[in-house]
Amino acid sequence: MSLSNISDLELIELIKEDHDNLGVIYKRNKEYCISFMRRMTSSISTDELNDVFQDAMLILYEKIVNEDFKLTSSIQTYLNSVCRFQLLNKFRSDKKFVFQEDDTMIDKMDKNMQYDTGINDLLESLEDEKETQYKALEEALKALKEAGGNCYELLTLFWYHKKSLKDLTIFFGYSSSDNTKNQKARCQKRLKKLAFNIINE
Amino acid sequence: MNNMINEIVIAKNIFLSHMKDETSIDWEAITLGFAVFENDLKPLYAEIYKLELADPEEIISKLPELHELFIEELAEAYVLDKSSVVNNELKESPLFKEKVSFFRTLKNVIAKQERKRIIQELPKMSNHLDFSFSENEIESALKKKARADLKEKFDKWDKEIISEENEVVYAKLHSLDDQIDESLTTDVGLKEKGKVISLSWIKYAVAALVVVSAGFFYFNTDKFDGPEPVIADIKHNTQNVIVITETGLGYMDTTINDSISITYVAYKERKDSSEYYKRRGGYGPEANLKNIELTYTFFNSKLTIYGVTAIPEVITDTIIKTVQNKYYIKIEELYFSITESEDKKELKIETDSLIIEELEKIMFNYE
């Protein structure tokens with residue numbers, strides 16, 4: 001299948017199935033997004049702009065895997081808008097950057113340079129109040145990954161990529177959704193036990 | 001109450017796995033009973049007694065465990081945002097709070113790892129995806145495909161030529177005693193009309209075969225009237241497999257390194273060749289091969305499987321020894337139970353879903 005002419009909505013469906021398809025967006029939209037940001041400011045390095053774009057990709061992906069996400073503009077416009085909002089926040093928090101936003105600078109005829117001021121999505125914060133538990137779980141998860149087996153992938157697909165038990169049953173070849181649910185519960189228990197041991201070491 | 005749809009679904013799923021009959025159960029009342037269970041056991045107990053079960057104590061003894069499962073699933077749904085409303089009393093429950101805290105942290109830790117991985121892999125993610133092709137690439141691919149197709153045709157024609165030659169040889173072998181010269185002339189004559197490759201050498205080849213066969217029959221055939229059937233060898237394949245030893249509750253002892261030597265004895269080619277000759281009126285010395293089903297012997301850590309299928313490249317990588325000292329072998333996603341025996345026994349597929357689930361659990365923990 002050729003992905004060169006695929007529509008945004010079809011692409012979103014493909015990303016829901018396999019997040020590797022994010023690569024299409026990366027390849028298709030990155031250049032315009034960086035150019036768009038470059039027009040907003042010249043006081044941020046390209047590396048920093050890349051970081052902003054990558055965060056925008058994650059914001060888009062995390063929205064896509066949420067069942068209730070509806071794309072109201074093109075993916076390019078969405079990414080431009082998210083990047084713009086992030087830059088604005090950066091400008092506000094760090095006065096050294098020069099904000100050059102001016103409607104006359106944005107070529108309204110070029111659809112790749114459009115943005116929507118109503119889109120102000122940010123990357124969800126992952127900070128946790130219980131630092132000890134957080135660090136222990138982080139270590140436990142690492143240990144689980146290194147141990148091999150299906151647990152790490154199963155938990156990752158469930159908790160981050162929001163795969164349903166039905167999808168996971170097919171993916172791992174389990175006999176039923178109930179079986180998958182039991183496997184997941186066992187993995188969580190194992191992780192909890194590992195974290196508990198780490199805390200009490 | 002209308003806002004408790006998620007809670008009711010969860011309570012129903014948990015409860016039903018322990019109940020035989022779901023009629024006349026007031027699910028809302030059961031769910032509310034679960035919701036307040038931490039502070040007040042009575043509402044749930046009362047609902048259980050209302051059901052007039054034969055043995056209500058049996059289910060009552062499981063209620064703490066079922067309640068924890070209920071809270072856990074609810075907390076999970078709450079963290080995943082699937083549950084928009086959670087009963088206020090539950091929100092204040094210490095158990096619920098503890099579970100929510102664990103799941104939220106787990107979700108955040110996993111998200112952190114995955115975000116990091118995705119960012120690292122983003123530039124590479126597009127590498128294997130199919131984008132547009134240039135005209136030159138398309139032209140070159142088409143040429144390559146056309147050439148490959150042509151080559152395939154050449155190969156097919158070559159095979160046709162060879163098989164036609166072989167047919168001639170077979171025909172001669174069948175009646176070689178009395179009609180060799182005559183039929184050779186006829187057949188070769190016919191083929192010569194339609195083929196480019198000369199078959200004149202066949203006459204000499206067949207003549208040589210006649211001499212060899214005649215000598216062979218002279219010394220070896222005191223029982224058969226027809227030509228000696230060429231029966232294929234019985235093939236076998238042996239491999240060593242480490243036994244996965246369960247120590248209890250689905251856990252394994254990875255320090256035990258017992259292994260079993262498995263030999264697969266494949267009768268397929270033997271059976272096919274025997275049948276081939278029988279169909280042609282020849283004598284099949286192993287007529288009883290058709291009775292060989294999937295059988296095995298298992299003693300002294302040696303398992304021998306006899307089958308009429310072709311020899312598999314890998315017989316299995318999984319032999320499980322359970323706490324009850326029962327052995328199970330997994331072949332192509334099917335489990336077979338095996339017991340020690342020097343006599344051949346039928347290799348039977350395990351169909352008990354509970355046992356299969358247990359075996360899958362063991363495999364899951366092992367992986």
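Just so we're clear, the structure is a prediction, and the values are computed from it rather than from any experiment.

So, the overall build of chain A
Consideration 1: Helix and strand content of chain A: eight helices and zero strands.
Consideration 2: For chain A, the α and β elements follow one another from N to C terminus as α-α-α-α-α-α-α-α.
Consideration 3: When each of the 201 residues of chain A is scored for burial, the buried share is 29%.
Consideration 4: The long-range share in chain A, meaning contacts at least 24 apart out of those at least 6 apart in sequence, stands at 68%.

Notes on the overall build of chain B
Consideration 1: Check the secondary structure of chain B and you find 11 helices and 10 strands.
Consideration 2: By the burial criterion, 18% of the 367 residues in chain B qualify as buried.
Consideration 3: At a minimum sequence separation of 6, the contacts of chain B that also span at least 24 residues come to 59%.

Brief notes about the nonpolar core
Consideration 1: Among the nonpolar cores identified, the biggest contains 25 residues, and Ala-56, Met-57, Leu-60, Leu-79 and Cys-83 of chain A are the most heavily contacted of them.
Consideration 2: Top contributing element to this core by residue count: helix H3 (residues 46-64) of chain A, with nine residues.
Consideration 3: If near-sequence neighbours (up to four positions away) are discounted, Met-57 of chain A is found in contact with Leu-22, Ile-25 and Tyr-26 of chain A together with Leu-122 of chain B.
Consideration 4: Within the second largest apolar cluster, 22 residues are counted, among which are Ala-136, Leu-144, Tyr-160 and Leu-168 of chain A.

Here we look at the interface of chain A and chain B
Consideration 1: Between chain A and chain B, the contact holds 33 residues from the first and 27 residues from the second.
Consideration 2: Secondary-structure elements contributing two or more residues to the side of chain A that touches chain B are helix H2 (22-40), H3, helix H5 (131-146), helix H6 (151-159) and helix H8 (177-199) of chain A.

A few points about helix H11 (residues 353-366) of chain B
Consideration 1: Here H11 of chain B is 14 residues long and its end C-alpha atoms lie 20 Å apart, about the 20 Å a rise of 1.5 Å per residue gives.
Consideration 2: Buried within H11 of chain B are the following residues: Leu-359, Ile-362 and Phe-364 of chain B.

Thoughts on the packing of helix H1 (residues 5-16) of chain B against helix H2 (residues 27-36) of chain B
Residues and elements named next belong to chain B.
Consideration 1: In the contact formed by H1 and H2, the axes pass within 9 Å of each other and the chain directions differ by 90°. By the angle between their axes, H1 is roughly perpendicular relative to H2. Contact residues: H1 offers Glu-7, Ile-8, Ala-11, Lys-12 and Phe-15, while H2 offers Trp-27, Glu-28, Ile-30, Thr-31, Phe-34 and Ala-35.

Details of the pairing of strand S4 (residues 295-299) of chain B
Residues and elements named next belong to chain B.
Consideration 1: Alternating residues of S4 divide into Tyr-296 and Phe-298, all buried, and Thr-295, Thr-297 and Phe-299, none buried.
Consideration 2: Across five bridges, S4 lies against strand S5 (residues 302-307) in antiparallel orientation. Looking at S5, one finds that Thr-297 is bridged to Thr-304.
Consideration 3: Taken together, S4 and the strand that follows it, S5, pair antiparallel across an intervening segment of two residues, in which Asn-300 is found at a positive phi of about 50°.
Consideration 4: In this sheet, strand S9 (residues 341-346) lies alongside S4 in antiparallel orientation, the contact comprising three bridges. Opposite Tyr-296, over in S9, you have Lys-345 as the bridge partner.

Considerations on the confidence of the model for chain A
Consideration 1: Residues at a pLDDT of 70 or more form 90% of chain A, whose mean pLDDT is 87.
Consideration 2: For chain A, the element scoring lowest by mean pLDDT is helix H4 (residues 75-93) of chain A, at 90; H6 of chain A scores highest, at 96.

Digging into H8 of chain A
Consideration 1: Taking 1.5 Å per residue, 23 residues should reach 33 Å; H8 of chain A reaches 33 Å between its end C-alpha atoms and fits that length.
Consideration 2: Inspection of H8 of chain A places Thr-180, Gln-183, Lys-184, Cys-187, Gln-188, Leu-191 and Ala-195 of chain A among the buried residues, and these make up the whole buried set.
Consideration 3: On the buried face of H8 of chain A, the contacting elements are H5, H6 and helix H7 (165-172) of chain A together with H11 of chain B.

Description of the confidence of the model for chain B
Residue and element names in this part refer to chain B.
Consideration 1: The predicted model of chain B has a mean per-residue pLDDT of 72, with 59% of residues at 70 or higher.
Consideration 2: No element of chain B has a lower mean pLDDT than helix H8 (residues 176-194), at 43, and none a higher one than helix H6 (residues 94-125), at 91.
Consideration 3: Across residues 175-201 the pLDDT falls below 50, and counting only partners more than four positions away or on other chains, this stretch makes 23 contacts in the model.
Consideration 4: Low pLDDT, under 50, characterises residues 282-291; the predicted model gives this stretch 20 contacts beyond four residues in sequence or across chains.

Concerning the packing of helix H3 (residues 42-50) of chain B against helix H4 (residues 56-79) of chain B
Residue and element names in this part refer to chain B.
Consideration 1: Direction vectors running N to C along H3 and H4 enclose 155°, while the axes themselves pass 10 Å from each other. As far as their axial angle goes, H4 and H3 are roughly antiparallel. The handedness of the crossing between H3 and H4 comes out as right-handed. Across the interface between the two elements, Leu-44, Tyr-45, Ile-48 and Tyr-49 from H3 touch Pro-56, Ile-59, Ile-60 and Leu-63 from H4.

As for unusual backbone geometry
All names here are of chain B.
Consideration 1: Of note, the phi angle at Ser-301 is positive, near 60°, even though the residue is not glycine.
Consideration 2: Inspection of the secondary structure puts Ser-301 in the loop between S4 and S5.
Consideration 3: When the 13 C-beta atoms within 10 Å are taken as the criterion, Ser-301 is described as partly exposed.
Consideration 4: A positive phi angle, near 60°, is found at Asn-325, a position not held by glycine.

Quick look at the environment of Ser-24 of chain B
Consideration 1: Mapped onto the elements, Ser-24 of chain B comes out in the loop between H1 and H2.
Consideration 2: Once the C-alpha coordinates of Ser-24 of chain B and Leu-51 of chain B are considered, the two residues, 27 residues apart in sequence, prove to be 7.3 Å apart.

Cut-offs applied
- Residues numbered from 1 in each chain as written.
- Chains lettered and ligands numbered in written order.
- Predicted model: local features only at pLDDT ≥ 70, side-chain atom pairs only at ≥ 80, totals over all residues.
- Helix = DSSP H or I, 4+ residues; strand = E, 2+ residues; numbered from the N terminus.
- Buried ≥ 20, exposed ≤ 12 C-beta atoms within 10 Å, placed from the backbone.
- Contact = placed C-beta atoms within 7 Å.
- Core = buried A, V, L, I, M, F, W, Y, C linked by C-beta atoms within 7 Å.
- Expected span 1.5 Å × (residues − 1).
- Axes fitted to C-alpha atoms, helices over the stretch in contact; angles between N-to-C directions.
- Parallel < 35°, antiparallel > 145°, perpendicular 65-115°, else oblique.
- Pairing = 2+ DSSP bridges.
- pLDDT = per-residue confidence, 0-100.
- Left-handed = near helix turned anticlockwise from the far one by under 90°.

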